[in-house]
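Structure assessment
Given next are the chains, with one letter for each unit.
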Amino acid sequence: MREDSCRRRFHFLVFLSVAFFLGASSRGHCSDEAIPGFNRDIRPLLAKHCFACHGPDAAKRKADLRLDDREVAVSAGAIKPGHAEDSEIWRRLTSTDQEEIMPPPGKGDPMPKEGMEKVRQWIESGAGYERHWAFLPPRDPKIPDVAAPGFLVRSPVDSLVLDSLIQKGLAPASGGAGSPLCSVVSSRVGPPR
Ligand code: HEC
């Protein structure tokens, strides 16, 4: 009796780990194509390369420019939401003039090209700021509305797992003969002999 409930608990834990693994890897996959998010992509870049002189610390602030405050950054013309090419930060990031390029040569860690590209995409997408994640209330993940023949969706976790399977091409999105499990097995090991 005791052993049995232990085993059940173990199975449940394995199931949870698989569900989390699928969830995490599918999110990773999506983020490649998604618009850069402020907290996830942009804040760390600005913090590393710009905030030493354009951040919250008024005593160290240069040119009266704050890049951690959208209103200040926009009204100074540093950021023109939707128009990276007209934004002063884009001009300064990509400048080849040693007098203009930011961070100033020898005074900060230069931003890598991929970082600049993220900043460009973020400005083009409207340069949305978010409060620091520590101050944001936790949000439940969006539960996808998915179905597949033979896959019984009984809980939000089932929906998340099925959605990951569909995105990985491991379960039929609609139609198809047989249960998804059969198609997964046959696509992996071939049809039963
Ligand atoms: C070590 C300090 C330092 C760092 C780090 C730094 N800056 Fe600057 N920044 C300055 C100084 C000093 C000026 C004023 C001189 C000038 O305009 O070149 C300035 C000016 C600017 C201006 C023009 C402001 C205006 O109103 O004319 C922009 C835009 C700017 N920086 C963006 C950035 C960005 C983006 C980063 C990060 C990639 C960055 N800076 C990192 C020191 C810094």
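Only a predicted model underlies this, so the values are computations on that prediction, with no experimental measurement involved.

Calculation rules
Residues numbered from 1 in each chain as written. Predicted model: local features only at pLDDT ≥ 70, side-chain atom pairs only at ≥ 80, totals over all residues. Helix = DSSP H or I, 4+ residues; strand = E, 2+ residues; numbered from the N terminus. Contact = placed C-beta atoms within 7 Å. Expected span 1.5 Å × (residues − 1). Buried ≥ 20, exposed ≤ 12 C-beta atoms within 10 Å, placed from the backbone. Near = placed C-beta within 6 Å. Nonpolar A, V, L, I, M, F, W, Y, C, P; charged D, E, K, R; others polar. Core = buried A, V, L, I, M, F, W, Y, C linked by C-beta atoms within 7 Å. Axes fitted to C-alpha atoms, helices over the stretch in contact; angles between N-to-C directions. Parallel < 35°, antiparallel > 145°, perpendicular 65-115°, else oblique. Left-handed = near helix turned anticlockwise from the far one by under 90°.

Our focus in this paragraph is the overall build of the protein chain. A tally of regular secondary structure across the protein chain gives eight helices and zero strands. The order of α-helices and β-strands along the protein chain, N terminus first, is α-α-α-α-α-α-α-α. A sequence separation of at least 24 residues applies to 43% of the contacts in the protein chain between residues at least 6 apart.

Our next topic: helix α7 (residues 156-167). The end-to-end C-alpha distance of α7, which contains twelve residues, comes to 17 Å, matching closely the 16 Å that a straight helix rising 1.5 Å per residue would cover. Within the span of α7, buried status applies to Leu-160, Val-161, Leu-162, Asp-163, Ser-164, Leu-165 and Ile-166. Looking one or two residues past α7, Gly-169 carries a phi angle of roughly 75°, positive in sign.

On to the site of the ligand, then. In the vicinity of the ligand, 20 residues are found, and the nearest of them are Cys-50, Cys-53, Met-102, Pro-103 and Gly-108. Taken together, the elements giving at least two residues each to the shell around the ligand come down to α3 (51-54) and α5 (88-94). Take the shell around the ligand: its biggest share by element is four residues, from α5. Tallied by class, the residues present in the shell around the ligand amount to 13 nonpolar, three polar and four charged.

What follows concerns the nonpolar core. Grouped together as the largest cluster of nonpolar side chains are 16 residues, with contacts concentrated most on Ile-79, Leu-93 and Ile-123. The residues touching Leu-93, leaving out its near neighbours within four places in the chain, are Met-102, Met-111, Met-116 and Val-119. The next biggest cluster of nonpolar side chains, apart from the first, holds eight residues, and it includes Val-146, Ala-148, Leu-162 and Leu-165.

This part is about the packing of helix α2 (residues 38-49) against helix α6 (residues 113-124). Relative orientation of the contacting elements α2 and α6 amounts to 125°, with a least axis distance of 10 Å. Comparing the axis directions of α2 and α6 gives the class oblique. Crossing of α2 against α6: the hand is left-handed. Side by side, α2 and α6 meet where Asp-41, Ile-42 and Leu-45 of the first sit next to Gly-115, Lys-118, Val-119 and Trp-122 of the second.

What follows covers unusual backbone geometry. Peptide bonds are trans in most cases, and residues, glycine excluded, mostly fall at negative phi. The omega torsion of the bond from Met-102 to Pro-103 falls at -10°, within 30 degrees of zero and hence cis. Relative to the elements of secondary structure, Pro-103 occurs in the loop between α5 and α6. Even without a glycine there, the phi angle at Ala-63 is positive, about 55°. With respect to the helices, strands and loops of the structure, Ala-63 is situated in the loop between α3 and α4 (70-75). The residue Ala-127 is not glycine, and still its phi comes out positive at about 50°. By secondary structure assignment, the location of Ala-127 is in the loop between α6 and α7. On the basis of neighbour counts, which here come to 21 C-beta atoms within 10 Å, the residue Ala-127 falls in the buried class.

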